[in-house]
Amino acid sequence: MNYINLKWFGIIGMALFVFSCKSDLETEPIELQTLDQVFDKRDSAGVNANRFLADCYRFLPSLGNRVGGDYLDASTDDAVSSNPTNTSVQQLATGTYTSDSYLDNQWTANYQGIRRATIFINNIDLVPLKGELENGTPFNRVWKAEARFLRAMFYFELVKRYGGVPLLGDKVYQLNDDIEQPRNSFQECVSYIVQECEQVKDSLRIDPMNLQFFGRPTTAAAMALKSRVLLYAASPLFNGENIEAGNGLTGYLDFSLARWQAAEDAAKAIMDLGIYKLEPEFKKVFTTRNMERIFSKQGDNTTSVENNNGPIGYSVGINNGRTSATQELVDAYGMANGLPIDDPNSGYDANDPYLGRDIRFYATIFYNGAMWLNRPVQTFEGGADKPGGTIQQTKTAYYVRKFMGDFETATNYSNVNHDYILFRFSETLLNYAEARNERLTSPDASVYQVVEAIRKRAGMNPFELKAGMSKIEMRLLIQNERRKEMAFEEHRFYDVRRWKIAETVFNRELHAAVIYQTNTGQIRQTVPVLKMNFEKKMYLAPIPFSEVIKNPKMVQNPGW
């Protein structure tokens with residue numbers, strides 16, 4: 001498996017990105033220090049060990065414009081890249097990749113993170129750390145629990161892409177070791193991740209808003225990872241009749257409602273903590289540190305999201321307009337009265353299509369006429385934000401507004417908190433609703449209650465759902481709520497796969513709006529912009545070709 005890039009690690013690994021402050025004890029760069037120096041038996045403050053642990057966090061997912069400069073969601077039906085070239089996400093969307101050229105290959109990076117976390121786990125007890133949490137948990141155990149959580153997270157990032165992968169346990173392989181390891185089954189990987197979450201959760205911090213330790217996992221973070229992995233394990237792609245021999249999914253040999261029960265219970269346990277709640281204003285979830293966030297990777301206070309994705313026609317700063325939301329995503333957002341736009345009672349007006357929509361639409365999409373930097377966005381043909389020519393610009397008449405600060409009436413950008421939110425309470429509620437709905441023959445009051453809470457926060461009036469919905473009706477509604485609620489948070493790419501509907505949903509023509517400004521008003525058309533392509537083999541990513549040819553025990557996923 002690429003020998004887990006052992007040659008780059010030496011004794012302790014790659015050059016480190018340090019996001020803790022320098023100490024008087026730091027006499028040389030940590031990448032040049034030996035294990036005895038990092039895990040110093042005389043260092044009761046654990047200065048170098050803490051720096052080593054801090055470096056493990058850089059392997060967490062960063063989200064944002066990370067796939068060739070684009071959102072991963074631009075390889076789904078929610079968006080396309082505005083870049084005029086054949087970008088990485090476009091190749092993902094059209095299926096033009098091989099096992100040697102997968103555009104979101106995270107194999108090596110996650111195994112690097114696993115190796116570093118394991119080195120820390122195996123050595124931290126050598127450090128005579130002083131101090132403990134308020135509940136009496138010594139810091140040695142807290143730090144070790146953090147590293148075990150991170151390692152479990154790295155494994156999940158592999159499993160959601162590839163299915164079963166080699167589990168390395170606590171062994172740190174060296175160059176002369178036998179590192180030709182076979183893949184563990186999907187079930188074994190899920191069981192391992194769940195077990196790690198269970199074993200560490202009571203040793204982690206509890207307070208998610210302790211700014212001194214912000215970005216460190218809490219008990220709820222471990223519970224949220226458990227909730228997500230069990231939801232994936234219960235989903236049709238991984239549960240039951242869809243299993244095929246040799247694809248890393250083996251182990252779940254029968255369709256099991258018990259897996260939906262386990263996913264439901266895991267989400268309900270987070271809800272029962274009584275700590276987390278929905279942030280009242282949807283936009284603020286992503287720009288303020290609030291009690292909806294369960295776990296985030298620390299980002300920066302910058303204008304990077306605005307500069308990367310803002311409409312291009314503004315003279316303030318540099319807006320690259322990287323992401324063009326599709327008409328399909330725009331249409332997924334219903335009306336403020338809770339009805340979809342195709343409901344004859346919704347009040348939707350095709351001549352004024354952006355009026356009276358779901359609040360999340362306005363917080364997610366830049367549309368023609370939306371206010372930004374003290375003027376309306378102009379995405380009509382020839383407008384300031386869609387001028388034509390060769391300049392990079394929207395391909396669909398829409399840009400992505402999500403994650404940006406409140407600059408509607410501002411004249412300049414100012415720095416905004418851009419943490420990478422990896423788990424939030426809204427997902428927990430949707431996990432619970434999905435799992436419970438799938439376990440029952442029809443949705444009960446508890447399913448209605450959590451879905452309606454999300455709709456209420458979205459400003460729908462009325463937010464209540466119609467009574468007597470069938471299981472299938474509720475399933476489709478929950479799937480659409482996930483799409484709207486968590487757009488551009490890297491869920492859609494995997495949700496459609498785990499629901500095993502990608503052969504339909506990701507095999508469609510995507511559409512753009514074309515808007516012409518005239519003296520008497522606007523003329524609108526909907527036109528094709530990209531034809532997606534999805535083949536059955538793409539439910540799982542290909543194991544990197546380099547891993548398969550170097551390791552005879554590494555079985556490739558089917559079709560690759």
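A. A look at the overall build of the chain. When helices and strands are tallied, the chain shows 17 helices and 10 strands. A compact globule built from 560 residues would reach a C-alpha radius of gyration of about 24 Å, and the chain, at 24 Å, matches this within 12%. If you line up the chain on its principal axes, its C-alpha atoms span 80 × 55 × 50 Å. Residue burial in the chain is summarised as follows: out of 560 residues, 59% are buried. Intrachain contacts of the chain at a sequence separation of at least 6 include 71% that bridge at least 24 residues. Here the chain has roughly 22,000 Å² of accessible surface; of this, 51% comes from carbon and sulfur atoms. Here the chain holds 62 positive side-chain charges and 67 negative ones, and the gap between their average locations is 1 Å.

B. Expanded view of the side chain of Glu489. By the element assignment, Glu489 lies in the loop between α14 (471-485) and α15 (492-498). Of note is the side chain of Glu489, whose polar atom sits 2.7 Å from the side chain of Lys402. Filtering out sequence-adjacent residues up to four positions away, Glu489 remains in contact with Asp73, Phe286, Lys402, Phe403 and Arg424.

C. Seen up close, the nonpolar core. Ranked by internal contacts, the top residues of the largest apolar core, which has 156 residues, are Phe120, Tyr155, Val165, Ile193, Leu225, Trp372 and Met474. Sorting elements by how many residues they give to this core places helix α5 (residues 139-162) first, with 15 residues. Other than its neighbours up to four places away in sequence, Trp372 contacts Glu306, Pro311, Tyr314, Phe366, Val377, Arg401, Met404, Gly405, Phe407, Glu408 and Tyr413.

D. Representation of the packing of helix α12 (residues 425-439) against α14 in the model. As a packed pair, α12 and α14 sit with axes 10 Å apart at the nearest point and diverge in direction by 165°. One finds that α12 runs roughly antiparallel with respect to α14. Crossing of α12 over α14 shows left-handed handedness. Contacts between α12 and α14 pair Ser426, Glu427, Leu430, Asn431, Ala433, Glu434, Asn437 and Glu438 from the former with Lys471, Met474, Arg475, Ile478, Glu481, Arg482 and Glu485 from the latter.

E. Inspection of the packing of helix α8 (residues 257-273) against α12 at higher detail. Contact geometry of α8 with α12 gives a least axis separation of 8 Å together with a crossing angle of 150°. Read as a crossing pair, α8 and α12 show a hand that is left-handed. Across from Leu257, Trp260, Gln261, Ala263, Glu264, Ala267, Lys268, Ile270 and Met271 in α8, the residues of α12 making contact are Phe425, Thr428, Leu429, Asn431, Tyr432, Glu434, Ala435, Arg436, Glu438 and Arg439. Residues of the contact of α8 with α12, tallied by class, amount to 10 nonpolar, three polar and six charged.

F. Local environment of the environment of Pro552. Within the element layout of this structure, Pro552 appears in the segment after α17 (545-550). Taking the relative accessible area as the measure of exposure, Pro552 reaches 66% and is therefore exposed. Residues Pro552 and Glu180, spaced 372 residues apart in sequence, show a C-alpha to C-alpha distance of 7.1 Å.

G. View of helix α13 (residues 445-457). With 13 residues, α13 extends 18 Å between its outermost C-alpha atoms, agreeing within 8% with the 18 Å of an ideal straight helix rising 1.5 Å per residue. Within α13, the full set of buried residues consists of Ser446, Val447, Tyr448, Val450, Val451, Glu452, Ile454, Arg455 and Arg457. At its buried positions, α13 is contacted by α8, α11 (359-364), β8 (416-424), α12 and α14. After α13 finishes, the residue Gly459 shows a positive phi value of roughly 85°.

H. Spotlight on the pairing of strand β10 (residues 521-531). Where strand β9 (residues 509-518) meets β10, 10 bridges bridge the pair, whose relative direction is antiparallel. Bridging across to β10, Tyr516 finds its partner in Ile523. Hairpin connection, β9 to β10: the antiparallel pair is bridged by two residues.

I. Layout of the state of the cysteines. In total, this model carries zero disulfides according to the counting rule given. For the unlinked cysteine Cys189, the closest cysteine sulfur is that of Cys197, found at 13 Å.

J. Molecular detail of the packing of aromatic side chains. Under the criterion given, the structure shown has 31 aromatic pairs. Between Phe534 and Tyr539 the ring centres are 4.9 Å apart and the planes differ by 75°, which places this aromatic pair in the edge-to-face class. Judged by its relative accessible area of 5%, Phe534 falls in the buried class. Relative accessible area serves as the criterion here: at 5%, Tyr539 is assigned to the buried category. Within the aromatic cluster, the residues linked to one another by ring pairs are Tyr333, Tyr354, Phe361, Tyr362, Tyr367 and Tyr398. Directly above the aromatic system of Phe361 lies the positively charged group of Arg357, at a separation of 5.0 Å from the ring centroid.

K. Geometry of the confidence of the model for the chain. On average, residues of the chain score 91 in pLDDT, and 91% of them reach the 70 mark or higher. Below a pLDDT of 50 lies the segment residues 1-26, which in the model reaches 67 contacts outside its immediate sequence neighbourhood of four places, other chains included. Predicted confidence for residues 241-254 stays below pLDDT 50, and this span has 46 contacts to residues more than four positions away or in other chains.

L. Looking closely at the pattern of salt bridges. The full count for this structure, using the stated rule, is 50 salt bridges. Here Arg360 ties to Glu481 by a salt bridge, and the two come within 2.9 Å at their closest N and O atoms. Separated by 121 residues along the polypeptide, Arg360 in helix α11 and Glu481 in helix α14 bring together distant segments of the chain. An identical accessibility class is assigned to Arg360 and Glu481; each is buried. Residues Arg482 and Asp495 are paired through a salt bridge, measuring 2.9 Å at the closest nitrogen-oxygen approach. Here Asp495 lies in helix α15 and Arg482 lies in helix α14, a separation of 13 residues in the sequence. Here Arg482 matches Asp495 in class, with each residue buried.

M. The arrangement of the side chain of Thr76 in detail. Of note, Thr76 is situated in the loop between α2 (47-56) and β1 (79-81). Within the structure, the side chain of Thr76 is placed 2.7 Å from the backbone oxygen of Asp73, a separation counted as a polar contact. Within polar-contact distance, the side chain of Thr76 engages the backbone nitrogen of Asp78 at 3.1 Å. With residues up to four places along the chain from it excluded, the contact list for Thr76 reads Arg492, Phe493, Phe506, Leu510 and Met532.

N. Here's a closer look at unusual backbone geometry. Looking along the chain, the bond that leaves Asn461 and enters Pro462 is cis, with omega of 5°. If you trace the backbone, Pro462 turns up in the loop between α13 and α14. Not every positive phi belongs to a glycine, and Leu373 is a case in point at roughly 50°. With respect to the helices and strands, the residue Leu373 is situated in the loop between β5 (371-372) and β6 (375-376). Given a relative accessible area of 8%, Leu373 falls into the buried group. Positive phi outside glycine occurs at Ala397, with the angle close to 80°.

Conventions and cut-offs
- Along each chain, residues carry numbers from 1 onward, in the same order as the chain's sequence is written.
- Where local features are concerned, this predicted model is filtered to residues with pLDDT of at least 70; where side-chain atom pairs are given and counted, the filter is 80 or more; whole-chain, interface and lining totals use all residues.
- Values shown for side chains rest on all heavy atoms present in the structure; no hydrogens or waters enter the calculation.
- Only DSSP runs of H or I reaching four residues or more are called helices, and only runs of E reaching two or more are called strands; each is numbered from the N terminus.
- Throughout, radius of gyration means the C-alpha value; the globule benchmark is 2.2 Å times the number of residues raised to the power 0.38.
- Throughout this description, buried means an accessible area under 20% of the type-specific maximum (1.4 Å probe, protein chains only), exposed means over 50%, and partly exposed covers the range between.
- Two residues qualify as a contact provided that any one of their heavy atoms is within 4.5 Å of a heavy atom in the partner residue.
- In short, Shrake-Rupley with a 1.4 Å probe defines the accessible areas, and a residue's cover is counted only from the protein chains shown.
- The charged-residue count follows a simple rule in which Lys and Arg add positive charge and Asp and Glu add negative charge, with His and chain termini not counted at all.
- A charged residue contributes its charge at one atom only: NZ of Lys, CZ of Arg, CG of Asp or CD of Glu.
- As used in this structure description, the phrase polar contact means that two N or O atoms lie within 3.5 Å; if the pair is within protein, one of them must be able to donate a hydrogen and the other to accept it, and residues adjacent in sequence are counted only when both atoms belong to side chains.
- Residues belong to one nonpolar core when they are buried, are Ala, Val, Leu, Ile, Met, Phe, Trp, Tyr or Cys, and are joined through side-chain atoms within 4.5 Å.
- Here an angle of 0 to 180 degrees is reported between the N-to-C directions of two axes, which are lines fitted to C-alpha atoms, with helices fitted over the stretch in contact.
- Here is the rule for angles: anything less than 35 degrees is roughly parallel, anything more than 145 is roughly antiparallel, 65 through 115 is roughly perpendicular, and the remaining ranges are oblique.
- Here is the rule for handedness: rotate from the far helix to the near one, and if that takes an anticlockwise turn smaller than a right angle the crossing is left-handed, while a clockwise turn gives right-handed.
- Under the scheme applied here, ten amino acids are nonpolar (Ala, Val, Leu, Ile, Met, Phe, Trp, Tyr, Cys and Pro), four are charged (Asp, Glu, Lys and Arg), and all others, including Gly, are polar.
- Working rule for helices: expected span equals 1.5 Å times residues minus one.
- Two strands qualify as a pair provided that DSSP identifies no fewer than 2 bridges between them.
- Disulfides are defined as pairs of cysteine sulfur atoms found within 2.5 Å of each other.
- Stacked, edge-to-face and tilted labels apply to pairs of Phe, Tyr and Trp rings (six-membered ring for Trp) whose centres lie within 6.5 Å, assigned for plane angles under 30 degrees, over 60, and everything in between, in that order.
- A ring has a charge above it when a Lys NZ or an Arg CZ is no more than 6 Å from the ring centre and no more than 35 degrees off the ring normal.
- What pLDDT expresses is the predictor's confidence in each residue, scored from 0 to 100.
- Salt bridges are defined as contacts in which a side-chain nitrogen from Lys or Arg sits within 4 Å of a carboxyl oxygen from Asp or Glu.

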